[in-house]
Amino acid sequence: MNLAHWLDRAGLSDPARPALGLGSRVLRTYGETAGRVARLAGALQHLGLSPGDRVAIASTNSPDYLEALYAIWHAGLAAVPANAKLHGAELGYILEQSGARVCFASDGLDGEIAPHAPKNLERLIVIGGAEYETLFAADPVPVLPRDGSDLAWLFYTSGTTGRPKGAMLTHKILAAASAAYAGEVDTVLPGDAILHAAPMSHGSGLYIMAHVMNRGINVVPESGAFEPGEIFNLFRAWPRTSMFAAPTMVKRLVECPAECDSENIRTIVCGGAPMYVEDARKALERFGPRLAQIYGQGESPMTITVLTRDEIANSDHPRWGERLASVGRPFRAIEVMVADVNDAPLPAGEAGEILCRGETVMAGYWRNPEASASALRGGFLHTGDVGAFDKDGYLTLKDRSKDLIISGGSNIYPREVEEVLLKHGRVREASVIGRPDREWGEVVVAYVVGDAAAAELDALCLALIARFKRPKDYVFVEALPKNNYGKILKTELRAMDERRISPRTAG
Ligand code: AMP
């Protein structure tokens with residue numbers, strides 16, 4: 001099977017149905033989009049690319065993104081979507097490691113990439129540029145048949161530590177992930193919209209296919225980015241709209257003073273980083289029962305566990321609080337296990353590494369047999385995440401082991417302290433780390449964005465958690481260090497803290 005068939009068939013059976021939206025208007029129908037994609041695929045084949053060759057997309061969000069992605073598949077090639085916010089040298093690394101022969105780049109990014117372009121890159125084509133437009137003059141070609149196990153998407157991990165690795169996602173894996181979305185996260189009916197405000201190279205882009213599969217509309221904001229006011233306008237413009245949003249984006253939507261009529265929102269799917277209970281409650285208050293949460297990683301794209309809209313909204317449930325702090329239950333296509341250091345399953349209530357296997361798990365890392373063997377040892381994906389199941393089968397993520405604080409011999413999970421700090425009305429964001437300490441090994445330190453008094457935060461901690469868990473120091477900052485996906489970078493925060501404490505020794 002080839003994922004490109006879904007678009008191609010929709011172009012034949014439902015040509016007049018809107019496929020692509022830009023801002024609040026319909027840009028192209030399925031007939032038009034499928035026609036353009038078949039011509040762009042023809043142009044790619046004329047460039048001499050062979051089945052399986054990699055073609056990168058380094059672009060900000062745009063409707064062209066979807067066309068480039070589908071043209072790559074249609075021509076039997078593999079896509080390498082790279083985050084447009086990366087530095088030119090980082091993009092150069094991905095282009096080299098993937099062995100990409102062609103790269104589609106958005107206007108401006110070509111200049112960033114050019115000095116770092118590897119030898120294997122034969123063409124850097126600017127989306128919307130003169131050369132790009134000529135590609136649509138090619139004759140349309142039929143979809144090149146592919147095997148389900150053929151590579152479709154090389155998903156480069158965000159690489160918060162070390163070089164990014166390319167998780168190999170095949171046509172079959174992405175088909176399973178799309179079915180999981182449409183079956184378990186959000187029903188997609190013809191005409192339903194998905195708003196791409198988060199990077200299409202990552203989570204949001206992985207939801208394109210489920211919407212093509214069921215003939216929904218993929219909509220890109222005019223700004224190509226995330227602006228809460230604009231998003232609210234788009235919710236108004238498109239009936240039955242969903243979007244993927246990182247928790248920081250959900251928070252910004254909740255805090256945006258502009259008026260939002262949530263009637264048109266189908267689902268705001270949140271994931272990629274911890275969703276704090278307090279933030280989930282506020283989102284529920286603001287938007288009603290329209291929030292869902294997923295837990296996944298590039299190695300099992302968007303598909304490990306799901307906490308559905310109904311579960312988040314069911315505040316009458318006796319264990320609602322715990323469920324809100326969880327990431328939900330495993331998707332049907334996947335088996336999820338919490339294991340000890342020997343990969344033996346642990347009982348409910350005990351924390352260990354989260355392992356999974358099933359239809360959505362990657363085929364391995366591209367050109368990295370050691371990392372593949374290690375991540376997939378014993379036939380299970382080792383996520384590197386720590387979590388515990390409860391008796392009802394809900395999984396709660398704990399902090400990664402490197403973020404765990406050990407103070408005076410006691411384990412302290414930063415998330416637990418962060419959840420408490422966020423209960424204070426004037427704390428916008430909080431991140432808790434361990435600071436090396438001669439006497440205690442480590443002490444708990446809270447970095448806080450907001451204007452709450454340290455004494456009030458201390459009182460809150462004393463009221464809600466064990467004494468030894470409360471921060472010994474509160475540092476108030478304007479912003480927390482985050483990567484391009486809005487994930488808080490604790491390694492960087494620890495380095496910042498070290499520079500603060502001993503500016504001379506830390507250089
Ligand atoms: P990436 O492969 O870049 O999407 O990063 C995946 C990682 O993000 C996972 O391994 C988790 O550590 C984290 N993550 C993803 N979803 C969630 C979630 N719902 N809650 C907390 N952390 C998450």
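In what follows, the structure referred to is the one given above.
Being a predicted model, the structure only gives us computed values, none of them experimental.

Chemist: Got a sec to walk through the site of the ligand? Specific residues and values, please.
Modeler: Around the ligand, 16 residues are found, and the nearest of them are Ile-294, Gln-297, Gly-298, Asp-385 and Lys-487. In the model, an oxygen atom of the ligand is placed 2.8 Å from a nitrogen or oxygen of the Gln-297 side chain. Protein chains bury 88% of the 510 Å² of accessible surface belonging to the ligand in isolation. Here the element with the most residues in the shell around the ligand is strand β13 (residues 291-297); it accounts for five residues.

Chemist: Give me the packing of aromatic side chains: which residues, what numbers.
Modeler: Enumeration over the complete set of coordinates arrives at seven aromatic pairs. Measuring from ring centre to ring centre gives 6.2 Å for Phe-232 and Phe-287, while their planes differ by 65 degrees; the resulting arrangement is edge-to-face. Of this pair, Phe-232 sits in helix α9 (residues 228-237) while Phe-287 sits in helix α11 (residues 277-287), and the two are 55 residues apart along the sequence. You can call Phe-232 buried: its relative accessible area is 1%. Each member of the aromatic cluster is reached from another via a ring pair, and the members are Phe-104, Tyr-132 and Phe-136.

Chemist: Tell me about the layout of surface pockets, and please be specific about residues and values.
Modeler: Volume-wise, the second largest pocket comes out at about 500 Å³. In terms of lining residues, the second largest pocket is bounded by 22 residues, among which Ala-325, Thr-396, Lys-398, Arg-415 and Glu-416 are the most central. Those elements giving two or more residues to the lining of the second largest pocket turn out to be α11, β18 (381-389), β19 (395-398) and α15 (414-421). Ranked by the residues each element gives to the lining of the second largest pocket, the list is headed by α15, at four residues. Across the lining of the second largest pocket, the residue classes tally to nine nonpolar, two polar and eleven charged. Counting contributing residues, the lining of the second largest pocket receives three or more from each of domain 1 (4-389) and domain 2 (404-506).

About the cut-offs
- Residues numbered from 1 in each chain as written.
- Predicted model: local features only at pLDDT ≥ 70, side-chain atom pairs only at ≥ 80, totals over all residues.
- Heavy atoms only, no water.
- Near = heavy atom within 4 Å.
- Polar contact = N/O pair within 3.5 Å; in protein donor to acceptor, adjacent residues only side chain to side chain.
- Areas by Shrake-Rupley, 256 points an atom, 1.4 Å probe, with all protein chains shown as cover.
- Helix = DSSP H or I, 4+ residues; strand = E, 2+ residues; numbered from the N terminus.
- Phe/Tyr/Trp six-rings, centres within 6.5 Å; stacked < 30°, edge-to-face > 60°.
- Buried < 20%, exposed > 50% of the residue type's maximum accessible area, 1.4 Å probe, protein only.
- 1 Å grid on protein atoms, 1.4 Å probe; cavity = no way out; pocket = protein on both sides within 12 Å on 5 of 7 lines; lining within 4 Å.
- Points joined across faces, edges and corners; volume = space filled by probe spheres on them.
- Nonpolar A, V, L, I, M, F, W, Y, C, P; charged D, E, K, R; others polar.
- Domains from an automatic or database assignment.

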